[in-house]
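Chain by chain, the residues run as shown.
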Amino acid sequence: MAAQRVAEDVAKGTKQTARVRVAVRLRPYMHMQDQKGEGACVRRLDTETLEIINWRNATETLQYQFDVFHGEETTQQEVFLSSVKPILPHLLKGQNASVFAYGPTGAGKTHTMLGSQEQPGVIPRAVRGVFNLVKAKEREHEGWDYSIDMSYLEIYNEKVLDLLSPSAQDLPIREDKDRNILIPGLTHTPLSSFSDFHSHFIPASLNRTTASTKLNQRSSRSHAILLIKVVRTQRNPPHRQQTGKLYLVDLAGSEDNRRTGNKGIRLKESGAINLSLFTLSKVVDSLNAGGGGRVPYRDSKLTRLLQDSLGGSSHSVMITNIAPEYTYYFETFTALNFAAKSKQIVNKPFVRETVTVSSVQVKRSREEQEAGRSGEP
Ligand code: ADP
Ligand code: MG
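Calculation rules
- Position numbers for residues start from 1 in each chain and track the written sequence from start to end.
- All chains are assigned letters beginning at A, and all ligands numbers beginning at 1, according to the order in which they are written.
- Where local features are concerned, this predicted model is filtered to residues with pLDDT of at least 70; where side-chain atom pairs are given and counted, the filter is 80 or more; whole-chain, interface and lining totals use all residues.
- As a rule here, side-chain values come from all non-hydrogen atoms in the structure, and water together with hydrogens is ignored.
- Residues grouped as a nonpolar core are buried Ala, Val, Leu, Ile, Met, Phe, Trp, Tyr and Cys residues, joined through side-chain atoms within 4.5 Å.
- Accessible area is worked out with a 1.4 Å probe on protein chains only. A residue is then buried under 20% of its type maximum, exposed over 50%, and partly exposed in between.
- Labels follow the DSSP assignment, with helices taken as runs of H or I lasting at least four residues and strands as runs of E lasting at least two, numbered in each case from the N terminus.
- Contacts between residues were defined by any pair of non-hydrogen atoms, one from each residue, lying within 4.5 Å.
- Confidence of the predictor at the level of single residues is given by pLDDT, which spans 0 to 100.
- The criterion for a residue being near a molecule or strand is simple. One of its heavy atoms has to lie within 4 Å of it.
- Polar contacts, as used here, are pairs of N or O atoms within 3.5 Å; protein pairs need one atom able to donate a hydrogen and one able to accept it. Residues neighboring in sequence count only if both atoms are side-chain atoms.
- With residues, only the protein chains shown are counted as cover, and all accessible areas are computed by Shrake-Rupley using a 1.4 Å probe.
- For this document, the term salt bridge refers to a Lys or Arg side-chain nitrogen within 4 Å of an Asp or Glu carboxyl oxygen.
- Pairing between two strands is assigned when DSSP locates at least 2 bridges connecting them.
- Inter-axis angles, ranging from 0 to 180 degrees, are taken between N-to-C directions of lines fitted to C-alpha atoms, where helices are fitted over the stretch in contact.
- Roughly parallel covers angles under 35 degrees, roughly antiparallel covers those over 145, roughly perpendicular covers 65 to 115, and oblique covers all other angles.
- The hand of a helix crossing depends on one turn: near helix anticlockwise from the far one by less than a right angle means left-handed, and clockwise means right-handed.
- The classification used treats Ala, Val, Leu, Ile, Met, Phe, Trp, Tyr, Cys and Pro as nonpolar, Asp, Glu, Lys and Arg as charged, and all other residues, Gly among them, as polar.
- Multiplying 1.5 Å by the helix residue count minus one yields the expected span of that helix.

Visitor: Explain the nonpolar core to me, and be specific about the residues and the numbers.
Guide: As a rule of thumb, soluble globular proteins bury nonpolar side chains together. Formed by 46 residues in total, the largest nonpolar core has its most connected members in Leu 50, Leu 305 and Leu 310. Among the elements that line this core, the one with the most residues is helix H10 (residues 329-339), at six residues. With sequence-adjacent residues up to four places away left out, Leu 50 is seen in contact with Val 24, Val 42, Arg 43, Arg 44, Leu 45, Leu 62, Gln 63, Tyr 64, Phe 66, Phe 69, Ile 322 and Leu 336. Core analysis: the second largest hydrophobic core is formed by 38 residues, Val 79, Val 122, Leu 226 and Val 317 among them.

The structure is reproduced here in structure tokens:
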């Protein structure tokens, strides 16, 4: 079906670009992450561009351009409106979509995807958005019935695990004759309202995220994948049926990857590389380079699972989260080289927004951190 649809789209000259749209979001500066009081090393220039200090040469900055750049003041609502809301209507027409949060641990992936009660993120906003679109369609009486269901899974050590009915069983990924990807045995929970979603999803997600987000914790090494499926069925013969899938993914921390420059990728010698994250970056590179070469979907579980929802005629957005403190410099740098459309070296010193941190503040934030640490199991 997907292949046929692409062929039809090409024939009509309406082929959706297979590109993955890349947005970058800079989280606000946090004193806790900057004990030396060095300030920020990244800042916004405009809605597509940021600059970062060049560590090789302090008289230079590097400017990076993306499809969208969200500065640190950007609200959850703005991220949703610009990067996610526009893709939702496609789900009601049987098309697939995926949204990922990429970036190092501590840079704001979970904040962006899940958020908090006060500042809900992409996931609750998108699910609410899908329900609103379906309600509006039903009011139009076009003769289709809609149903929505959810699945929630995790990829950890290349195992696919069901988060709605947890067990240690690694679920198989299959492809049907129409090239749809499916996971037999995965729980699909029908949803009748947003509050229904809330009551199923929140306990399952808390389960996964309450553990501390220290490096090497499971939550920073696994991919949490929420699948929202919209099925519409024609009320009258021939009772056509269409399915649209939306994947909302909080990826593993990108600090597991070590990249050199723009293209060359060198694996970290010690420690396990996250195969799915590594392959995802190759798939995105390959889609965004165009050229129609082989896209290595089959090389990892995550990309295999997303094969029918990433590239092709589907709608994909990657939100790369970065942090402004020097502690994150190298992680930020590698994440930017992956996400950038273009890069430019500019000969001028980085103009720092002055951050005055008194020694008292530094001491206090250290104490707070230590207090936090001693509270861990
Ligand atoms: P990650 O999931 O990438 O490890 P988190 O989402 O847990 O990172 O973010 C790390 C910390 O920074 C959390 O305390 C989070 O609330 C905070 N944070 C992240 N992004 C923002 C933001 N845009 N605004 C305010 N706080 C943020
Ligand atoms: Mg997280």
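Visitor: Kindly report on the confidence of the model for the protein, identifying the contributing residues and their values.
Guide: Of all residues in the protein, 80% attain a pLDDT of 70 or more, and the chain-wide mean is 83. Least confident of the elements in the protein is helix H1 (residues 2-12), whose mean pLDDT is 45; most confident is strand S11 (residues 189-191), at 98. Across residues 354-362 the pLDDT falls below 50, and counting only partners more than four positions away or on other chains, this stretch makes 10 contacts in the model. Note that pLDDT drops below 50 for residues 372-377; the model gives that stretch two contacts with residues more than four away or on any other chain.

Visitor: Can you lay out the environment of Ser 309 for me, pointing to particular residues and giving the numbers?
Guide: Among the structural elements, Ser 309 can be located in the loop between helix H9 (301-305) and strand S14 (315-322). Accessibility expressed as a relative area gives 0% for Ser 309, which makes it buried. Each residue touching Ser 309, except ones within four places of it in the same chain, is listed here: Asn 96, Ala 97, Ser 98, Lys 245, Tyr 247, Ser 314 and Ser 316.

Visitor: Go over the site of ligand 1, please, and point to the residues and values.
Guide: Near ligand 1, the surroundings consist of Arg 25, Arg 27, Pro 28, Met 30, Pro 104, Thr 105, Gly 106, Ala 107, Gly 108, Lys 109, Thr 110 and His 111. Taking Thr 110, its side chain carries an N or O atom lying 2.8 Å from an oxygen atom of ligand 1. Backbone polar atom of His 111 to an oxygen atom of ligand 1: 2.7 Å apart, as the coordinates give it. Out of a free accessible area of 560 Å², ligand 1 has 71% covered by protein chains. For the shell around ligand 1, the element with the highest residue contribution is helix H4 (residues 109-113), accounting for three residues.

Visitor: Explain the pattern of salt bridges to me, using residue names and the numbers behind them.
Guide: Scanning all chains against the criterion turns up 13 salt bridges. Across the pair Glu 140 and Lys 137 runs a salt bridge whose closest N-O atoms are separated by 3.7 Å. Between Arg 235 and Asp 145 there is a salt bridge, and its shortest N-O distance comes to 3.0 Å. Of this pair, Arg 235 sits in the loop between strand S12 (223-234) and strand S13 (241-250) while Asp 145 sits in strand S7 (residues 144-156); the two residues are 90 residues apart in sequence, bridging distant segments of the chain. The partly exposed category is assigned to Arg 235, whose relative accessible area is 43%. One network of salt bridges, with partners in common, ties together Glu 175, Arg 179, Arg 298 and Arg 304.

Visitor: An account of the pairing of strand S1 (residues 20-26) is requested, with residue identities and associated values reported.
Guide: On a regular strand, one side chain projects to one face of the sheet and the next to the other, so that they alternate. Of all seven residues in S1, six are buried, a share of seventy percent or more. When S1 meets S14, the two strands line up parallel, connected through seven bridges. In the sheet register, Arg 21 faces S14, and the bridge partner there is Val 317. Bridge analysis of S1 against strand S5 (residues 68-70) gives three bridges, and the strand direction is parallel. Paired with Arg 25 across the strands is His 70, a residue of S5.

Visitor: Before we move on, could you go through unusual backbone geometry and cite the residues and values that matter?
Guide: Leaving glycine aside, a negative phi is the common case for residues, and trans is the common case for peptide bonds. A cis amide bond links Pro 237 to the next residue, Pro 238, at an omega of 5°. Structurally, Pro 238 can be placed in the loop between S12 and S13. Located in the positive-phi region is Asn 157, a residue other than glycine, with phi close to 50°. Relative to the helices and strands, Asn 157 resides in the loop between S7 and strand S8 (159-162). Overall, Asn 157 belongs to the exposed group, its relative accessible area being 56%. The phi dihedral of Arg 179 falls on the positive side, at around 70°, and the residue is not glycine. Position of Arg 179 relative to the elements: it lies in the loop between strand S9 (174-175) and strand S10 (181-182).

Visitor: Which residues make up the packing of helix H2 (residues 76-84) against helix H5 (residues 122-139), and what values go with them?
Guide: Packing of H2 against H5 brings their axes to within 10 Å, and their N-to-C directions diverge by 55°. Judged by the angle between their axes, H2 and H5 are oblique. At the point where H2 passes H5, the crossing takes the right-handed sense. Residues Gln 76, Gln 77, Val 79, Phe 80 and Val 84 of H2 form the contact with H5, whose own contacting residues are Val 122, Arg 125 and Ala 126. Partitioned by chemical class, the residues of the contact of H2 with H5 number five nonpolar, two polar and one charged.

Visitor: Lay out H5 with the relevant residues and their values.
Guide: For the α-helix, the turn length of 3.6 residues means that residues three or four positions removed from each other point alike. In this model H5 runs 26 Å from its N-terminal to its C-terminal C-alpha over 18 residues, within 8% of the 26 Å that 1.5 Å per residue would give. Every buried residue of H5 is accounted for by Val 122, Ile 123, Pro 124, Arg 125, Ala 126, Val 127, Gly 129, Val 130, Phe 131 and Val 134.

Visitor: Outline the sheet that holds strand S15 (residues 342-346), supporting the account with residue identities and numerical values.
Guide: Spatially, the four strands line up as an open sheet ordered S2-S3-S4-S15, and their pairing is antiparallel. Among the strands making up the open sheet, the edge pair consists of strand S2 (42-44) and S15. Pairs of neighbouring strands in the sheet enclose a mean axial angle of 25°, with direction left out of account. Alignment of strand S4 (residues 61-65) against S15, held across five bridges, turns out to be antiparallel. Within S15, the position partnered with Leu 62 by the bridge is Ile 345. Against the sheet, H10 contacts S2, strand S3 (49-53), S4 and S15, and its axis sits at roughly 140° relative to S3.

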